[in-house]
Amino acid sequence: MALHFLVDEPSADGPAVTDAVPGDEIIIAGAEAHHAAVVRRVRVGEEVTVGDGAGVWLTGVVAASAPKRVAVTVTARTIAAPPSPRLVLAQALAKGDRDELAVQAATELGVDEIVPWQGARSVSRWSDDKAIKGVARWQSIVREAAKQAHRPWVPRVSAPVSVAGLAARAADARVLVLEPTAATALSAVPVADGAEIVLVVGPEGGIAPDELDALADAGAIAVRLGDTVLRTSTAGPAALAVVNARLGRW
């Protein structure tokens, strides 16, 4: 598979990816250039792809390759429409790196937005400063995972919310709460009849009863994934796989 560059900032040398057309020369610098030239050893004449993370997708040929500067001559340009319905993962904060594992896998599996939320049983806690750093960390993970997966759209990481914030989304979206004790299987719930599907994953200790009640009162639906209890790092990606299959994307 061709090497993919993600260039989501304007270039000081040459046209921006957003504006580039066949015949233009795109300049990749900084860490992207170093990784391509030194780690991946991209060569002149090699075909690559370049995206801006917001739907623009360029195909091109490497014209120059150096650790600080890779030049790509654009040969084709397409625009990928944003996915519909949008897939949102509301991932509870979890200890260790389990929430980060979920974020990475969810990005590879096609999520469009990730919403961190602090459940009553979340061991990990984000204060004001830690929340800023946490969102930045998740966004970095998302960016790298989206690049690795060759995604034309990079998912957004939203500001952390409480269970009340999740409940509010039920007014405009189909909110599905992953709960092992639920009577309804995720595979039995309609998913193609809305603009947005929100999958809510709880922390290691599960979603507290009062939180489940608040979400249900707002119109969310509790669903289960099989007969086993999945880790918080596994549940979201597993649910995304089911929904992707139901939507005919896989």
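Residues numbered from 1 in each chain as written. Predicted model: local features only at pLDDT ≥ 70, side-chain atom pairs only at ≥ 80, totals over all residues. Heavy atoms only, no water.

Attention now moves to the overall build of the chain. Counting its secondary structure elements, the chain contains six helices and 11 strands. Compactness check: the chain gives a C-alpha radius of gyration of 20 Å against a globular reference of 18 Å for 250 residues, within 12% of the reference. For the chain, the spread of C-alpha atoms along the principal axes amounts to about 60 × 40 × 30 Å. Looking at the 250 residues of the chain, the share that counts as buried comes to 44%. (Helix = DSSP H or I, 4+ residues; strand = E, 2+ residues; numbered from the N terminus. Rg over C-alpha atoms; globule rule 2.2 N^0.38 Å. Buried < 20%, exposed > 50% of the residue type's maximum accessible area, 1.4 Å probe, protein only.)

Both the distance between ring centres and the angle between the ring planes are used here to describe each pair of aromatic rings. What the rule picks out here adds up to one aromatic pair. Their ring planes at 70° and their centres at 5.3 Å tell us that Trp-126 and Trp-138 sit as a pair that is edge-to-face. With Trp-126 in the loop between β7 (113-117) and α3 (128-148) and Trp-138 in helix α3, this residue pair connects regions lying 12 residues apart in the sequence. The exposure class of Trp-126 is buried, given its relative accessible area of 15%. Looking at Trp-138, the relative accessible area reads 1%, which means it is buried. (Phe/Tyr/Trp six-rings, centres within 6.5 Å; stacked < 30°, edge-to-face > 60°.)

What follows concerns the side chain of Thr-49. Tracing the sequence through the fold places Thr-49 in strand β3 (residues 47-51). For Thr-49, a relative accessible area of 10% gives the class buried. A polar atom in the side chain of Thr-49 sits 2.8 Å from the side chain of His-4. When residues no more than four places from it in sequence are discounted, the contact partners of Thr-49 are Leu-3, His-4, Phe-5, Trp-57, Leu-58, Thr-59 and His-150. (Polar contact = N/O pair within 3.5 Å; in protein donor to acceptor, adjacent residues only side chain to side chain. Contact = heavy atoms within 4.5 Å.)

Strands sit in the order β8-β7-β6-β10-β9-β11 across an open sheet of six strands; the sheet is parallel. In this open sheet, the two edge strands, each paired with only one partner strand, are β8 (156-157) and β11 (221-223). As defined by bridge partners, β7 adjoins β8 across two bridges and the pair is classed as parallel. Looking at β8, one finds that Ile-114 is bridged to Val-157. Across the face of the sheet, helix α6 (residues 232-246) comes into contact with β6 (86-92), β9 (174-178) and β10 (196-201) while running at roughly 155° to β10. (Pairing = 2+ DSSP bridges. Axes fitted to C-alpha atoms, helices over the stretch in contact; angles between N-to-C directions.)

If you check UniProt for "domain: Ribosomal RNA small subunit methyltransferase E PUA-like" (unreviewed entry), the listed places come out as residues 29-74 in our numbering. Span residues 29-74 is 22% helix and 50% strand, its end C-alpha atoms 16 Å apart. (UniProt positions renumbered as here; feature names shortened; annotations may be inferred.)

Accessible area lost on assembly of the parts is the figure often given for the size of an interface. Domain assignment breaks the chain into domain 1 (3-79) and domain 2 (86-247). Relative to domain 2, the C-alpha centre of domain 1 lies at a distance of 33 Å. If you look at the interface, domain 1 gives nine residues, while domain 2 gives seven residues. Between domain 1 and domain 2 lies a buried interface of about 880 Å² when both sides are counted; carbon and sulfur atoms form 57% of it. Looking at the side of domain 1 facing domain 2, the largest losses of area belong to His-4, Leu-6 and Trp-57, adding up to 48% of the total buried there. (Domains from an automatic or database assignment. Buried area = accessible area lost by both parts, 1.4 Å probe.)

A few words on the pattern of salt bridges. Taken as a whole, this structure holds 12 salt bridges when the rule is applied. Notably, a salt bridge pairs Glu-113 with Arg-86, separated by 3.1 Å at the nearest N-O pair. Of the two residues, Glu-113 is situated in strand β7 and Arg-86 in strand β6; the sequence distance between them amounts to 27 residues. When the shortest N-O distance is used, the salt bridge between Glu-144 and Arg-143 registers 3.5 Å. Linked through salt bridges whose partners overlap, the residues forming this network are Asp-8, Glu-32, Arg-143, Glu-144 and Lys-147. (Salt bridge = Lys/Arg side-chain N within 4 Å of Asp/Glu carboxyl O.)

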